[in-house]
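Summary of the model geometry
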Amino acid sequence: MSVLVQMSGGPDGPMSTTRKVRSALGPWARENRRELEKRHPAVFAGSPTNRAITVAVVLGLFGLLVFALWRLDFSFARIGAGIGQLAHFLTLMVPPSSGTWARFWLFLHSLGETVAISLLGTFTAAVLAFPFGFLAAKNVMTQRVLHFFTRRGLDTIRGVDTLIWALIWINVVGLGPFAGILAIMSSDFGSFGKLFSEAVEAVDGKPVEGVASTGGSQLARIRFGILPQVLPVFAGQVLYYFESNTRSATIIGIVGAGGIGMYLTEAIRTLEWQQVSLLVLMILVTVAVIDQISSRIRFAVIGERRIET
Amino acid sequence: MIRDPPVPTGGSFHVLPFPSRLRPIFGDPMPTSLPRLPDDRLAPLLGSYAEAMRTARLKTLAAAAILAVVVIVAGRFAEVDLARMIGRIGTVGDYVVRIFTFDGGDNVGRFVLTAPGEWMWGLVHWGKLIFETLLIAYAGTAMGAVAAFVLCFMAARNLGRHPWLRATVKRFLEFCRTVPELVFALIFVIAFGLGAMPGVLAIAIHTTGALGKMFSEVVENIDMKPVEGATAAGGSWWQTVRFAAVPQVLSNFASYTLLRFEINVRGASVMGFVGAGGIGQDLIEAIRKFYYADVSAILVLIIATVMVIDLLTERLRHRLIGREART
């Protein structure tokens with residue numbers, strides 16, 4: 001701040017507006033650079049090295065991208081041909097249509113199924129993950145070994161994609177939406193466990209201390225010291241996941257775990273583009289509506305706050 | 001540091017009774033004395049407290065009732081059959097045992113770890129596929145992040161200059177992140193042909209949508225003083241963004257991108273389900289053809305990879321956030 005003030009009122013007088021300044025520093029600052037460097041070491045410190053590191057990192061990342069594209073057989077000819085195809089598909093997509101009304105009702109029913117899968121999956125995952133949120137939190141679970149294994153266990157569950165869970169559950173309960181619910185429940189159980197435990201670790205320690213100082217047991221400390229602080233955060237995260245799960249629930253039908261995904265896959269594979277566009281539109285509208293509802297409730301519960309996913 | 005509580009004038013002192021029925025749950029109370037208000041002032045306070053508690057309780061009950069109704073209706077819709085679930089719950093254990101048991105060869109019926117070499121017979125092949133999966137995730141994340149970086153400043157409320165441009169960009173980003181990446185992959189496989197390319201493009205598009213939203217939220221939260229300064233000094237829109245906004249948001253952007261990379265590794269692991277490259281192709285084949293030991297081997301490899309990536313990105317993110325906190 002002081003640099004700017006002195007530049008405009010410095011010995012050179014006001015800066016001329018017509019002359020092009022090559023350096024980022026004004027003429028007065030350039031003359032007195034050494035003194036400025038001494039006064040504001042943080043601004044000048046190590047700038048050449050920092051710049052070199054930045055350039056190296058950017059070049060490295062770019063090189064890796066080029067390598068990846070080469071390794072994965074990217075070719076501009078294929079991209080060009082593919083984009084032509086896509087444009088052709090797009091023209092075939094209008095107007096969106098289901099063909100018959102009976103089919104439209106089928107679509108609507110499976111859309112309802114999708115929302116139900118998402119809701120039940122999120123809900124059961126939240127209920128199951130609730131105790132683990134505390135078990136995996138460092139400030140509650142002081143037993144280091146148990147804490148470590150709970151965390152790693154949750155990470156393992158989280159590492160498996162919803163679709164893989166769906167395939168596994170289909171082997172257990174058979175094809176259908178129930179497998180979808182269990183799949184969403186499984187993968188979200190891991191995510192919720194992690195998010196909940198992070199929320200518990202981030203609580204203000206003072207209420208807990210307060211409860212402890214009045215002679216509260218460990219259970220009382222959790223119930224009256226931690227729970228009131230984390231419950232709104234939990235609720236916000238669950239609502240956020242409900243919305244994002246509606247999106248994932250639309251695809252688990254690809255492997256036969258219920259919902260609208262089955263019809264979408266079928267329509268894409270049989271090149272029924274009008275049905276594809278209708279189904280995509282239906283998904284977009286549903287997700288937008290659920291987004292609205294869940295963010296309303298979220299703001300009512302926790303106020304306008306960003307949620308780390 | 002323990003100080004005596006200030007003594008209020010005009011009130012009397014005695015020990016608050018601690019309900020003995022709570023003793024087994026909350027432990028013994030420490031002997032302590034608290035100031036007590038005279039009864040005539042205490043009564044209205046207690047009354048309003050009870051009133052507040054009652055409304056809070058009613059609200060909770062109402063919310064629970066609504067939730068219960070919604071859950072039951074949803075259960076009907078999704079054909080939840082608890083009886084079947086309970087009847088077949090044993091199958092979960094069976095399946096887990098089965099995938100960790102050899103189903104053929106010399107070691108039929110033995111636990112896979114007794115012959116790790118045979119269990120991981122395809123390690124070189126699977127390793128290559130996992131490497132390919134990582135590359136798909138990386139290329140998709142990188143391309144998506146660049147696109148999101150370009151678009152986010154136009155979508156941000158505080159920097160987007162043209163309302164119609166902002167609305168268009170926002171709708172576009174919404175579209176990109178709402179349509180699941182597998183749907184894009186399915187369509188791209190038909191348009192571009194089988195292989196990793198449709199997978200990369202699908203992930204890139206989804207990443208553009210997801211990161212574009214997060215990036216623009218970061219931009220909306222920046223300190224506007226540097227922006228005003230740059231505008232006041234006659235900077236163009238590009239210069240304002242470059243010198244006033246970008247330095248503030250870069251570390252956050254990097255952190256979000258790393259998080260997305262981790263998510264995309266998981267997403268890329270199932271791209272093969274629809275023929276869009278990576279390890280997914282082998283996994284779905286093993287599951288569908290009941291090669292049980294292969295299922296567990298591939299799953300273990302995927303989980304290990306995701307965990308390593310998770311740890312690495314988390315460490316990097318903490319360093320980034322730490323650096324930001326210091327400056």
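Residues numbered from 1 in each chain as written. Chains lettered and ligands numbered in written order. Predicted model: local features only at pLDDT ≥ 70, side-chain atom pairs only at ≥ 80, totals over all residues.

What follows concerns the overall build of chain A. Secondary structure assignment for chain A yields 14 helices and zero strands. Put simply, chain A runs from its N terminus to its C terminus through helices and strands in the order α-α-α-α-α-α-α-α-α-α-α-α-α-α. With 309 residues in all, chain A has 37% of them scored as buried. Within chain A, residue pairs in contact and separated by at least 24 positions form 68% of the contacts whose partners lie at least 6 positions apart. (Helix = DSSP H or I, 4+ residues; strand = E, 2+ residues; numbered from the N terminus. Buried ≥ 20, exposed ≤ 12 C-beta atoms within 10 Å, placed from the backbone. Contact = placed C-beta atoms within 7 Å.)

Let us look at the overall build of chain B. Looking only at helices and strands, chain B has twelve helices and two strands in total. When the helices and strands of chain B are listed from N to C terminus, the series reads β-α-β-α-α-α-α-α-α-α-α-α-α-α. Scored against the burial criterion, the 327 residues of chain B give a buried share of 35%.

In this section: the domain arrangement of chain B. Its domain assignment divides chain B into domain 1 (40–80), domain 2 (92–119) and domain 3 (120–326). Look at where the C-alpha atoms of domain 1 of chain B and domain 2 of chain B centre, and you get two points 51 Å apart. (Domains from an automatic or database assignment.)

Now for the nonpolar core. Judged by nonpolar contacts, the single largest core of 150 residues is most densely connected at Ala166 and Leu279 of chain A together with Ala185 of chain B. Broken down by element, the residue count for this core peaks at 17 residues, all from helix α5 (residues 123–155) of chain B. Beyond its immediate stretch of four places on either side in the chain, alanine 185 of chain B contacts Pro198, Gly199, Ala202, Met271, Val274 and Ala276 of chain B. (Core = buried A, V, L, I, M, F, W, Y, C linked by C-beta atoms within 7 Å.)

Further remarks concern the packing of helix α7 (residues 181–192) of chain B against helix α8 (residues 196–220) of chain B. All names here are of chain B. Two elements in contact, α7 and α8, have axes whose closest approach is 8 Å; the angle formed by their N-to-C orientations is 140 degrees. On the basis of the axis angle, α7 is oblique to α8. The interaxial crossing formed by α7 with α8 has right-handed handedness. Residue-level inspection shows Glu181, Phe184, Ala185, Phe188, Val189 and Phe192 of α7 in contact with α8, the latter providing Met197, Pro198, Gly199, Leu201, Ala202, Ile203, Ile205 and His206. In terms of residue class, the contact of α7 with α8 is built from eleven nonpolar, two polar and one charged. (Axes fitted to C-alpha atoms, helices over the stretch in contact; angles between N-to-C directions. Parallel < 35°, antiparallel > 145°, perpendicular 65-115°, else oblique. Left-handed = near helix turned anticlockwise from the far one by under 90°. Nonpolar A, V, L, I, M, F, W, Y, C, P; charged D, E, K, R; others polar.)

It is worth spelling out the confidence of the model for chain B at this point. Residues and elements named next belong to chain B. Summing up the model confidence of chain B, the mean pLDDT is 84 and the portion of residues at 70 or higher is 88%. Strand β1 (residues 12–14) is the least confidently modelled element of chain B, averaging 47 in pLDDT, while α5 averages 93, the highest of any element. Note on residues 7–14: pLDDT under 50 across the span, and eleven contacts to partners over four residues away in sequence or across chains. The ipTM, which scores confidence in the relative placement of chains, is 0.76 for this predicted complex, and the corresponding pTM is 0.77. (pLDDT = per-residue confidence, 0-100.)

Bringing the interface of chain A and chain B into the picture now. Between chain A and chain B, the contact holds 58 residues from the first and 59 residues from the second. A breakdown of the residues in the side of chain A that touches chain B according to their chemical character gives 35 nonpolar, 15 polar and eight charged.

All names here are of chain B. Tracing the backbone through its elements, the reader meets glycine 90 in helix α3 (residues 82–99). By C-beta crowding, glycine 90 is classed as exposed, having 10 other C-beta atoms within 10 Å. As a C-alpha pair, glycine 90 and aspartate 310 span 220 residues in sequence and 32 Å in three-dimensional space.

What follows deals with the environment of leucine 135 of chain A. All names here are of chain A. With respect to the helices, strands and loops of the structure, leucine 135 is situated in helix α7 (residues 101–135). With 20 C-beta atoms counted inside 10 Å, the residue leucine 135 sits in the buried group. Along the sequence, leucine 135 and leucine 106 sit 29 residues apart, while their C-alpha atoms lie 44 Å from each other.

With 18 residues, helix α6 (residues 76–93) of chain A should cover 26 Å at 1.5 Å per step; its first-to-last C-alpha distance of 25 Å lies within 8% of that length. Burial within α6 of chain A is sparse, with just zero of its 18 residues counted as buried. (Expected span 1.5 Å × (residues − 1).)

With 87% of its residues at a pLDDT of 70 or more, chain A has an overall mean of 81. Low confidence marks residues 1–21 of chain A, where pLDDT is under 50. Its contacts with residues over four positions away, or in another chain, come to 15 contacts.

In this section: the environment of histidine 125 of chain B. On the secondary structure map, histidine 125 of chain B appears in helix α5. Under the C-beta neighbour-count criterion, histidine 125 of chain B is labelled exposed, with 11 such atoms within 10 Å.

Okay, the packing of helix α11 (residues 205–213) of chain A against helix α12 (residues 218–249) of chain A next. Residues and elements named next belong to chain A. Between α11 and α12, whose axes approach to 8 Å, the crossing angle comes to 155 degrees. On the basis of their axis angle, the class for α11 and α12 is roughly antiparallel. In the crossing of α11 with α12, the sense of the turn from one axis to the other is right-handed. Listed contacts from α12 to Pro207, Val208, Gly210, Val211 and Ala212 of α11 are Ala220, Arg221, Phe224, Gly225, Ile226 and Gln229. Tallied by class, the residues present in the contact of α11 with α12 amount to seven nonpolar, three polar and one charged.

This part takes up unusual backbone geometry. The general pattern is negative phi for most residues beyond glycine and trans for most peptide bonds. All names here are of chain A. Between valine 94 and proline 95 the backbone carries a cis peptide bond, its omega angle lying at -10 degrees. Its location among the elements puts proline 95 in the loop between α6 and α7. Positive phi is not limited to glycine here, since aspartate 73 has a value of about 60 degrees. The residue aspartate 73 is located in the loop between α5 (47–71) and α6 in this model. Backbone geometry places leucine 271, a non-glycine residue, at a positive phi of 60 degrees. By the secondary structure assignment, leucine 271 is in the loop between α13 (261–269) and α14 (273–302).

Attention shifts here to helix α11 (residues 280–288) of chain B. Of the positions making up α11 of chain B, those classed as buried are Gly280, Asp282, Leu283, Ile284, Ala286 and Ile287 of chain B. Downstream of α11 of chain B by a residue or two, phenylalanine 290 of chain B has a phi angle that is positive, lying close to 60 degrees.

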